[in-house]
Amino acid sequence: MRVCVIGTGYVGLVTGVCLSHIGHEVICVDNNEEKVKILKSGQSPIYEPGLAELMKSSIEVGRLHFTSDLAAGVAHGDILFIAVGTPPLPTGESDTRYVEAVARGIGAHLDGGYKVIVNKSTVPIGSGDWVRMIVLDGIVERQKSLVTAGGGGVTTLEEIKADFDVVSNPEFLREGSAVYDTFNPDRIVLGSNSPKAIQMMKKLYEPLVNRGFSDDSNLPPVPVVVTDLNSAEMIKYAANAFLATKISFINEVANICDRVGADVTQVARGIGLDSRIGNKFLQAGIGWGGSCFPKDVSALIHTADDYGYEAELLKAAVNVNRRQRVITIEKLQHELKILKGKTVGLLGLTFKPNTDDMRDAPALNIIEQLNRLGARVKAYDPIVSQAGIGQGLSGVIVESDPEMLADGCDALVLVTDWQEFLQLDYRKMASLMNNPVMIDGRNFLDRQQLETAGFRYVGIGR
Ligand code: UDX
Ligand code: UDX
């Protein structure tokens, strides 16, 4: 099928690349010319495991193209994905201006043939109808300009043909395993009131539904959940709000464990084996960050508020998370007392491993708090240190290897659970430090191993 994906960020690029890999003809559009230039040269502007390889092979077979020309993308695609960012505003609402600009642009370039417009961006509930309205506005504006210019052959607004439907198709891709998640989905959600659009979307996803690209092709087909527009949009928010609340729950339990002398990792295992609870997303630590959980939970609270409901449970999940982010500071104060004049080294900067994404990363709050308390902050991150992304960070010295990080530190804080941190030479690192203390913000390291290496080990809730 012929597909256009508008927005080549973490979600749009993975979507475009994976759809071309399963056999579709894809054009990816981005209004950032620099980015398009990088993409055209066959390079991925983001770090996402497996993505660059798939991108290269799809470009080689001629099924994947990049452009900054929205008109060309709209003309190509029978299915048009909107995958631009919806960052949070200071009020907690989503900033939908990019979605609006794209919807208007699609309207301005629709050529008469039937199109399915798919909302992949996480948009406030009710945005499906709003996108339809903006696309229609875009069509009207173009027709008006044609009439004014005396061209186009269309003389009245009644003659406008608008043959399109809107579908909400939320993404559930985790950064760091987005390619894997695309090929091995738990479900595909399609929200629309148009049977024709749903049919086309089912055809688009058929190779994935039939497990043609799954790690295990013997699994039963992927469930396709067909709903109305609003319910599909709500599914996205509810899924992320549930997962974020689950993490805040285990973090709260960890804080109680700390006080009563229980070990939250054992508690998580003990409750996670109950199939009604499940063992995933029960890793206690310094809390959730990234481009989705914080933004989506805030947006859902905001929407509830708009409709006269106070989402108390979600507000509590956010508050627990806010407090959790600085729990490492309390632990550092407990270990080192005065932090002024001390040097603290952070192992990891990104909001989770296997990504270069720093959006709403707990590391940023920790750096800010340590700076405020007069400590010197250094950091080492497997990706940020290499990619030179660290240049934009303030209040932190980004070191190029873990031993340089340890050198002269009064304590280390493990912020991100990168696999490579399991294999560091901790004995050597301890010998380079003023004071070998390790605050393990993700309960990721082995206490015994660290203590043998000469560290005083402090976890979260254990
Ligand atoms: C996505 C979703 O779309 C967002 O709603 C969801 O909650 C998280 O995932 P993400 O892929 O992270 O967002 O966005 P980002 O990495 O910021 O990329 C957006 C891309 O769209 C950028 O490349 C930007 O240049 C492009 N863009 C933006 C356009 O092409 N046109 C615009 O008008 C605006
Ligand atoms: C999330 C959703 O999981 C995904 O379906 C999609 O909607 C996009 O948003 P992502 O933000 O990439 O994915 O990462 P995720 O793996 O969900 O982790 C989010 C945050 O929670 C990270 O900061 C992570 O460190 C933290 N986390 C996760 C925990 O603290 N404990 C856990 O047990 C799991």
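Worth saying up front: this structure is predicted, and the values here are computed from it rather than measured. (Residues numbered from 1 in each chain as written. Chains lettered and ligands numbered in written order. Predicted model: local features only at pLDDT ≥ 70, side-chain atom pairs only at ≥ 80, totals over all residues. Heavy atoms only, no water.)

(A) Focus on the packing of helix α9 (residues 229–260) against helix α10 (residues 264–272). Packing of α9 against α10 brings their axes to within 9 Å, and their N-to-C directions diverge by 135°. Of the possible angle classes, the one that applies to α9 and α10 is oblique. Here α9 and α10 pass one another in a crossing that is right-handed. For the pair formed by α9 and α10, the contact residues are F249, I250, V253, A254 and C257 on the first element and V264, V267, A268 and I271 on the second. (Axes fitted to C-alpha atoms, helices over the stretch in contact; angles between N-to-C directions. Helix = DSSP H or I, 4+ residues; strand = E, 2+ residues; numbered from the N terminus. Parallel < 35°, antiparallel > 145°, perpendicular 65-115°, else oblique. Left-handed = near helix turned anticlockwise from the far one by under 90°. Contact = heavy atoms within 4.5 Å.)

(B) Summary view of the pairing of strand β13 (residues 437–440). Taking every second residue as pointing to the same face, both faces of β13 are buried, with V437 and I439 on one and M438 and D440 on the other. Bridging between strand β12 (residues 411–414) and β13 involves three bridges; their strand directions are parallel. When the bridges of β13 are listed, L414 appears paired with D440. In this view, the connection linking β12 to its parallel neighbour β13 by way of helix α17 (residues 426–432) has right-handed handedness. Two strands pair when backbone bridges link them, and β13 and strand β14 (residues 456–458) are joined in this way by three bridges, in the parallel orientation. Counterpart to I439 in the pairing with β14 is V458. Taking the sense of rotation as the criterion, the β-α-β connection linking β13, helix α18 (residues 447–452) and β14 turns out right-handed. (Buried < 20%, exposed > 50% of the residue type's maximum accessible area, 1.4 Å probe, protein only. Pairing = 2+ DSSP bridges. Right-handed = clockwise from strand over helix to strand, strands pointing away.)

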